[in-house]
Amino acid sequence: MSLMSSSDRGGKISFHIEESELMCKNGCGFYGNPAWQGYCSKCHRDLCQKSKLSSSSEMDKNKKGKLARTVSEPVGETFGFSKFEEKKRQQVEKRVKTMKSIFRKNHSTKEAVSQHLWKSQRQASFESQQVSNDFTEFLKTIREPAAQDINKQIHAFIDRINKQDDLQIDEISETVQDFYQAMNKRLQASPAFQESSIEELDQLMEFIEKYVMTRLYKVVFCPMSTDDEEQDLVIQNRIRSLNWVQARHLETQINERHPEVRELIDRAITDIIEVDSKRAPQDKLTCIVRCSKHIFSLLQMSHGGPASADEFLPALIYVVLRANPPMLQSNIKYITRFCNPSKLMSGEGGYYFTNLCCAVAFIENLNAESLNLPQDEFNRYMSGEEIPPGAYQQELFLCEGLRLMKQNISTLAELRDRKSVV
C-alpha cells in the first residue's frame, strides 16, 4: 500500500492513490492497513496464526532432530567431553543469571511496588465515570439475566487484563479482539437477543467496546513497553520541519482566501487534534471521519463543485501538516490495535482511516522529488534558511490573530490618511 506522486508533462506534481491500493492484499474486498502489511485485520490475523503454527511445528521438528542425534551419538570419550562442556556452560549461565538478578532486583521491586500503588490509588477519570453511568443506564434497557451476564463478563475481562502485567501490547490487542468475537457470539446465542436486529447487536457491541477500552485506556494507550512515544516525537519533529509546505506544493486547489474555506480548515484541524482527547477507539475514529468530511466540504467550496477522491488525499496531507496532531502515531496504533475490526475493514470510517495512514506514510517519506522541487531548494526550506514565496501571505490568511492585526493596521493607516486630509 503506497501513495504515488508523479510529475505530468507540464511539470506539475500529481498525487494519486488507486482504490485497489486501499484494499486488502488478499483480495477479500475489505480495506487494508499499512500496520497489517496491507492486509485487513481478519486476513492479517489468519496470517499470524498460520505463522505461529508453522513456527511451533518447526520447533517441534528441531527438538525431535536433536533428540535423534543425541540417541545416535556413540557412548565414550566424545560423549563424556560433550557432557563436561554442557555442564560448564550451564554453570556459566547460572552465574550470569545470578548477577543479573542481583542488579535488577531492587529496580524491579521498586517498579512493581510503584505500579501497584499507582493502580490502587488512581481515581477514575471523568470520562470513565461518564461511560460507566451511560453503560449502567444502557444495561437497564436489557432484560435479566442477560444484562447481568454481560456486566459480569465485561468486568471479569477488565480485571484479567489489569492483573496481567507481563503481557506485551500485541498480546493484549489479540486478547481484546478475541473478547470482541466471544462477546458477539455470546450475544447472538443468547435467547434474550434472538429477536434483535443486526443494528441493535452492533449498537450493544459499540457500548461494550467503548466501556472496556475507556476503562483500560491508561494501561494500553502508548504503553512504556513500546516505542510509540519515540515515534510520536519523530513524526512531530518531521511535521514541524515541513511547516513551510503550502497547498500549492501538494497540488490541492484550496482557496485559503475564502472566509468559509478558512473556517472549514480550522474545523478540520480541530477535529484531527481532538482525536487525542478521546479514549474509545470509535470516538477517535469519529473525529477522523468528521475531519475528512470537513475536508471534502472545503474542497467543494473551493472548486464550486463536487470533490473527487484523488483531491481528498493531498488535502488531508495538508491538514495534517497544518495541525501537527499530538501523539499521532500512538493514536493510529491504538485504533489499529483495539478498534472493532468491522469498523476498519469497511465503511466510511475504514476508508478515511486508511487514507490517514497513507497520508502519514507519505509525510514520513516526503522528499524533494515528492514535491517536484530541486534538491538544493528543498534543503534550504528544510533547514529554515529560506521560506517559499507567498508563505508569509499564507500565514496571514490562515492565522486569525494575524488577519485581525493586518486589518487593524489597514484601519489605522486609513484613519491617519483621513486625519491628514482634514
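Residues numbered from 1 in each chain as written. Predicted model: local features only at pLDDT ≥ 70, side-chain atom pairs only at ≥ 80, totals over all residues. Heavy atoms only, no water.

(A) Representation of the packing of aromatic side chains in the model. On inspection of all chains with the given rule, the structure shows 13 aromatic pairs. Note on Trp244 and Phe378: the rings are 5.8 Å apart at their centroids and 75° apart in plane angle, and the pair reads as edge-to-face. With a gap of 134 residues between them, Trp244 in the loop between helix H8 (228-241) and helix H9 (259-274) and Phe378 in helix H15 (residues 375-383) connect regions that are remote in the sequence. In this structure, Trp244 and Phe378 share a single accessibility class: buried. Ring geometry for Phe296 and Tyr352: centres 6.4 Å apart, planes at 55°, overall tilted. In this pair, Phe296 sits in helix H10 (residues 281-303) while Tyr352 sits in helix H14 (residues 347-365), placing the two residues 56 residues apart along the sequence. Since its relative accessible area comes to 9%, Tyr352 is described here as buried. Through a chain of ring-to-ring contacts, three or more aromatic side chains come together here, namely Tyr217, Phe221, Tyr334 and Phe338. (Phe/Tyr/Trp six-rings, centres within 6.5 Å; stacked < 30°, edge-to-face > 60°. Helix = DSSP H or I, 4+ residues; strand = E, 2+ residues; numbered from the N terminus. Buried < 20%, exposed > 50% of the residue type's maximum accessible area, 1.4 Å probe, protein only.)

(B) Representation of H15. All buried positions along H15 are accounted for by Glu377, Phe378 and Tyr381. Summarising the axial view, the buried residues of H15 lie within an arc of 100°, below the 170-degree limit, and thus occupy one face. At the exit of H15 stands Gly384, carrying a positive phi of roughly 85°. (Arc of directions from axis to C-beta.)

(C) Region of interest: the packing of H10 against helix H11 (residues 309-323). At a minimum axis distance of 10 Å, the contact between H10 and H11 shows a crossing angle of 115°. By the angle class used here, H10 and H11 are roughly perpendicular. Relative to H11, the crossing made by H10 is right-handed. Residues Cys291, Ser292, Ile295, Phe296, Leu299 and His303 of H10 form the contact with H11, whose participating residues are Glu311, Phe312, Ala315, Leu316 and Val319. Looking at the contact of H10 with H11 residue by residue, the class counts come to eight nonpolar, two polar and one charged. (Axes fitted to C-alpha atoms, helices over the stretch in contact; angles between N-to-C directions. Parallel < 35°, antiparallel > 145°, perpendicular 65-115°, else oblique. Left-handed = near helix turned anticlockwise from the far one by under 90°. Contact = heavy atoms within 4.5 Å. Nonpolar A, V, L, I, M, F, W, Y, C, P; charged D, E, K, R; others polar.)

(D) Region of interest: the packing of H8 against H14. The contact between H8 and H14 brings their axes to 10 Å, and the two run at 70°. Comparing their axes, H14 and H8 come out roughly perpendicular. Here H8 runs over H14; the crossing is left-handed. Side by side, H8 and H14 meet where Ile235, Arg238 and Ile239 of the first sit next to Val360, Ile363, Glu364 and Asn365 of the second. Residue composition of the contact of H8 with H14, by class: four nonpolar, one polar and two charged.

(E) A look at the nonpolar core. By size, the foremost hydrophobic cluster in this structure holds 54 residues, and its most contacted members are Ile254 and Ile295. Mapped by element, the contributors of at least two residues to this core are H8, H9, H10, H11, helix H12 (328-338), H14 and H15. Looking at which element gives the most residues to this core, the answer is H11, with 10 residues. Residues in contact with Ile254, not counting those within four places in the same chain, are Ala247, Val261, Ile265, Leu298, Leu299, Ser302, Ala315 and Tyr318. Counting residues in hydrophobic clusters, the runner-up holds 35 residues, among them Ala146, Ile154, Phe157 and Leu204. (Core = buried A, V, L, I, M, F, W, Y, C linked by side-chain atoms within 4.5 Å.)

(F) A negative patch on the surface, seen in detail. On the surface, a cluster of negative charge is contributed by Glu199, Glu200, Asp202 and Glu206. Of note, Glu206 is situated in helix H7 (residues 198-220). The class of Glu206 is partly exposed, set by a relative accessible area of 36%. (Patch = residues over 30% accessible without salt bridge, like charges linked within 9 Å, V, L, I, M, F, W, Y side chains within 5 Å. Areas by Shrake-Rupley, 256 points an atom, 1.4 Å probe, with all protein chains shown as cover. Salt bridge = Lys/Arg side-chain N within 4 Å of Asp/Glu carboxyl O. Lys, Arg positive; Asp, Glu negative; His and termini not counted. Charge placed at Lys NZ, Arg CZ, Asp CG, Glu CD.)

(G) How the structure looks around the environment of Ile273. For Ile273, the position within the fold is in helix H9. As for Ile273 and Val320, which are separated by 47 residues in sequence, their C-alpha atoms are 9.1 Å apart. Those residues in contact with Ile273 that sit more than four places away from it in its chain are Ala323, Pro325 and Pro326.

(H) Structural view of the pattern of salt bridges. Applying the stated rule across the entire model yields 13 salt bridges. The partner of Lys343 in a salt bridge is Glu209, with the nearest N and O atoms 3.3 Å apart. Placement of the pair is Lys343 in helix H13 (residues 341-345) and Glu209 in helix H7, with a sequence separation of 134 residues. Each member of the pair, Lys343 together with Glu209, is buried. A salt bridge links Asp376 to Arg380; the nearest nitrogen and oxygen atoms lie 3.7 Å apart. Taken together, the positions of Asp376 and Arg380, both in helix H15 and four residues apart, correspond to about one turn of that helix. A network of salt bridges, in which partner residues are shared, links Asp271, Glu274, Lys278 and Arg290.

(I) Region of interest: the state of the cysteines. Scanning all chains against the criterion turns up zero disulfides. Free of any disulfide, Cys358 has its nearest cysteine sulfur in Cys357, 6.9 Å distant. (Disulfide = S-S within 2.5 Å.)

(J) Region of interest: the confidence of the model for the protein chain. Overall, the prediction assigns the protein chain a mean pLDDT of 79, with 68% of residues at 70 or greater. Low pLDDT, under 50, characterises residues 73-81; the predicted model gives this stretch two contacts beyond four residues in sequence or across chains. (pLDDT = per-residue confidence, 0-100.)

(K) Here's a closer look at unusual backbone geometry. Going from Glu144 to Pro145, the amide bond is cis rather than trans, its omega being 5°. Phi at Met327 takes a positive value of approximately 50°, unusual for a residue other than glycine. Along the chain, Met327 turns up in the loop between H11 and H12. With relative accessibility at 30%, the residue Met327 sits in the partly exposed group. Here Asn372, not a glycine, exhibits a phi torsion of approximately 60°, which is positive.

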